[in-house]
Amino acid sequence: MALHWKILIGMILGILAGLLFSQLGAKEFVAGWIKPFGTIFIKLLKLIAIPLIIVSLIKGISDLKDISKFSTIGFRTIIIYICTTLVAITIGLSLVNLIQPGDSMTEATVAELSQAYNTDANSRIESAEAQKSKGPLQFLVDMVPDNIFAAASANQNMLQVIFFTILFGISLLLIKEEQSRGVKDFFDSFNEVIMKMIDLIMLTAPYAVFALLAALIAETSNPDIFTALAQYALTVVLGLAIMISFYVTLIYFFTGKKPNYFLKGISPAQLLAFSTSSSAATLPVTMERVQEHLGVDDDVASFVCPVGATINMDGTSLYQAVAAVFICQALDFDLSFTDQLTIVVTALLASIGSAAVPGAGMVMLVIVLDSLGVPRDILMVGLALIFAVDRPLDMLRTTVNVTGDAAVAMLVGKSVGKLGEPQVKNWDDHYKED
Ligand code: ASP
């Protein structure tokens, strides 16, 4: 059976088991005996993320053979990432203005929700505060590490590691062939080993996904609240679905590859993004799928995917646009046209700045709302309002984030003549062989 089916079955069984255990009141059993397997899996994926970024970026850049090719790919990647994010924000803003989900919220619901989630909202605001107090160019300063070992020892420093590695890769391109050969050969083999490690970890994915979802469902407290926020959640979901259709159309138009080809190739990464809510944890699988199943050359994929996982978050930016306007609608805070434009700019920057971990998009949402001049007390109530449905929406927006990275990898690959046939032709056999 193909891997994506196995993961899907794991997900469905996980949800059913979660429902069953919460009915039986066995939350502690799930937390003690099932959840750890999911946690171990996420740890394994994160474990591989930093070595993967280092080896694949170095291999990718050095395979390009000359520096002008690197700048072409780099420039195109960043431009396409920004364009797709702007499309996502525009879709989000259009939908939320059209559907106006905030207007249907009754005052009683607003009061109830804001009471229930006040403390959770508070902690998000504090994290955003810490982020904001740093000054406008701080993100550039933060991008440059002063010690590569320190940077590589924390998964949050992905951008610092990417910075060092790109500098290393460029320098490798600039020295003579006979001087660079040893390092290149080393990283080529290292890359193969890491890819094999990912294959091995992925063998456990269906079981891990079962554990993750069973634990998530068993821990969910109050399902009634979902109905109150249904219109808002559906607006986000609709936007995310449009975004996926946008990617498949773009790919069909520019590369001639059918939607089925793309979706089938990337689906294990999507399912994993959904189960883990983290683009960073999903990165190893995204890269493997893009290279081996979507036919993007290693040197393009190994640059586009890690950079995308850290800065390209179309799902997050769409969600931030919808959530910001929804909160203002529900709490009667009027937004002018200029305010909506402010949302476009801040949601773009906020999504670039969001870490690729669960819940990060909501922290950065505070910054979007702040830039609109939303007063502190409304901000608190607003965040408390959307908190209840944030996790399921996080799962979905992360899926779109990952799909966007893969789509852009194909587009960049095509534009530089580095999109071919998949290296693993028979998908179903791939993991079986392993
Ligand atoms: N969880 C998302 C991701 O990792 C970020 C977010 O919270 O929107 O891509």
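In case you missed it, the structure is sitting above this.
Here the residue index of a chain counts from 1 through its sequence in written order. This being a predicted model, a pLDDT of at least 70 is required before a residue's local features are given, and a value of 80 or more before pairs of side-chain atoms are given or counted; all residues contribute to the totals for chains, interfaces and linings. Only hydrogens and water are set aside when side-chain values are computed; all heavy atoms of the structure are taken into account.

Participant: An account of the site of the ligand is requested, with residue identities and associated values reported.
Facilitator: The local shell around the ligand holds 16 residues, among which S279, T316, G361, D394 and R397 are the closest. In this structure, an oxygen atom belonging to the ligand sits 2.7 Å away from a main-chain N or O atom of G361. Under this definition, polar contacts are N or O atom pairs within 3.5 Å; protein pairs additionally need one hydrogen-donor-capable and one acceptor-capable atom, and for neighbouring residues in sequence, both atoms have to be side-chain atoms. Between the ligand and the protein, one listed contact pairs a nitrogen atom with a side-chain N or O atom of D394 at 2.8 Å. Here the ligand loses 100% of its free accessible area of 270 Å² to cover by the protein chains. Neighbouring residues are identified by heavy atoms, a residue being near a molecule or strand if any of them is within 4 Å of it. Only the protein chains shown count as cover for residues, and all accessible areas are computed by the Shrake-Rupley method using a 1.4 Å probe.

Participant: Let's hear about the side chain of Q320: which residues, and what values?
Facilitator: As for its placement among the helices and strands, Q320 is situated in helix α16 (residues 314-330). Per-residue accessibility, obtained with a 1.4 Å probe over protein chains only, is compared with the maximum for each type, and a residue is labelled buried under 20%, exposed over 50%, and partly exposed between these values. A residue is classified by how much of its surface remains accessible, and Q320, at 0% relative accessible area, is buried. Whether two residues touch is decided by their heavy atoms; if any such pair falls within 4.5 Å, the residues are in contact. Contacts of Q320, omitting those with residues within four sequence positions, involve A347, A350, S351, S354, G361, M364 and L365. Only DSSP runs of H or I covering at least 4 residues are called helices, and only runs of E covering at least 2 are called strands; the numbering of each starts at the N terminus.

Participant: Can you lay out the nonpolar core for me, pointing to particular residues and giving the numbers?
Facilitator: To define a nonpolar core, start from buried Ala, Val, Leu, Ile, Met, Phe, Trp, Tyr and Cys residues and group those joined through side-chain atoms within 4.5 Å. Membership of the largest hydrophobic core comes to 126 residues, with the highest contact counts inside it found for Y232, F262, L365, L369 and I386. Apart from the residues within four sequence positions on either side, I386 is in contact with Y232, Y319, A323, F326, I327, M362 and L365. Grouped together as the second largest cluster of nonpolar side chains are 9 residues, A26, I34, A214 and A215 included.

Participant: Summarise the state of the cysteines; cite the residues concerned and give the values.
Facilitator: The term disulfide is used for any two cysteine sulfur atoms that are within 2.5 Å. Scanning all chains against the criterion turns up 0 disulfides. Of all cysteine sulfurs, the one in C305 lies closest to C83, which takes part in no disulfide; the gap is 18 Å. According to the relative accessible area criterion, C83 is partly exposed, its value standing at 41%.

Participant: Which residues make up the packing of helix α3 (residues 67-99) against helix α12 (residues 230-255), and what values do they have?
Facilitator: A fitted line through C-alpha atoms represents every axis, and for helices the fit uses only the stretch in contact; the resulting angles, taken between N-to-C directions, go from 0 to 180 degrees. At a closest axis distance of 10 Å, the pairing of α3 and α12 adopts a crossing angle of 145 degrees. For the pair α3 and α12, the sense of crossing is right-handed. Here T84, V87, A88, I91, L95, V96 and I99 of α3 lie close against α12, whose contacting residues are Q231, T235, L238, G239, I242, M243 and F246. Crossing chirality is assigned from the near helix's rotation relative to the far helix, an anticlockwise turn below a right angle marking it left-handed and a clockwise turn marking it right-handed.

Participant: Give a detailed account of the packing of aromatic side chains, specifying residues and quantitative values.
Facilitator: Centres within 6.5 Å make a pair out of two Phe, Tyr or Trp rings, where for Trp the six-membered ring is used; the pair is then stacked when the planes are under 30 degrees apart, edge-to-face when over 60, and tilted otherwise. Scanning all chains against the criterion turns up 10 aromatic pairs. For the ring pair F168 and F187, a centre distance of 6.1 Å and an interplane angle of 70 degrees mean the geometry is edge-to-face. Taken as a pair, F168 in helix α8 (residues 158-174) and F187 in helix α9 (residues 177-202) lie far apart in primary sequence, 19 residues in all. Assessed through its relative accessible area of 30%, F168 is described here as partly exposed. The interplanar angle of 65 degrees and the centroid separation of 5.5 Å between the aromatic rings of F186 and F190 together place this pair among those described as edge-to-face. Taken together, the residues F186 and F190, both in helix α9 and 4 residues apart, mark about one turn of the helix. Grouping aromatic residues by their ring pairs yields a cluster made of F164, F168, F186, F187 and F190. The ring of Y261 is capped by K257, whose NZ or CZ atom sits 5.0 Å from the centre of that ring. Should the NZ of a Lys or the CZ of an Arg lie within 6 Å of a ring centre and within 35 degrees of the ring normal, that charge is described as sitting over the ring.

Participant: Describe the packing of α3 against helix α17 (residues 337-353), with residues and values.
Facilitator: Contact pair α3 / α17: the axes reach a minimum separation of 10 Å and the direction vectors enclose 135 degrees. Between α3 and α17, the angle falls in the class oblique. Crossing handedness for the pair α3 and α17: right-handed. Counting all contacts with α3, which are made through I82, T85, L86, I89, L93 and N97, the residues of α17 involved are Q340, I343, V344, A347, L348 and S351. Classification used: nonpolar for Ala, Val, Leu, Ile, Met, Phe, Trp, Tyr, Cys and Pro, charged for Asp, Glu, Lys and Arg, polar for all others including Gly. Per-class residue counts for the contact of α3 with α17 are 8 nonpolar, 4 polar and no charged. In these notes the angle categories are as follows: under 35 degrees is roughly parallel, over 145 is roughly antiparallel, 65 to 115 is roughly perpendicular, and the rest is oblique.

Participant: Just give me the short version of the pattern of salt bridges, but keep the residues and values in it.
Facilitator: Just to be clear on terms, a salt bridge is a Lys or Arg side-chain nitrogen sitting within 4 Å of an Asp or Glu carboxyl oxygen. In this structure the tally under the stated criterion is 8 salt bridges. Where K59 meets D63, a salt bridge forms, and the shortest distance between an N and an O atom there is 2.7 Å. In this pair, K59 and D63 both sit in helix α2 (residues 27-63), 4 residues apart, roughly one turn of the helix. You can call K59 buried: its relative accessible area is 11%. A relative accessible area of 24% places D63 in the partly exposed class. A salt bridge links R397 to D394, with the nearest nitrogen and oxygen atoms 3.5 Å apart. Of this pair, R397 and D394 both sit in helix α20 (residues 390-415), 3 residues apart, which is roughly one turn of the helix. Using a relative accessible area of 1% as the deciding quantity, one classes R397 as buried. Here the residues in one salt-bridge network are K59, D63 and D188, joined through shared partners.

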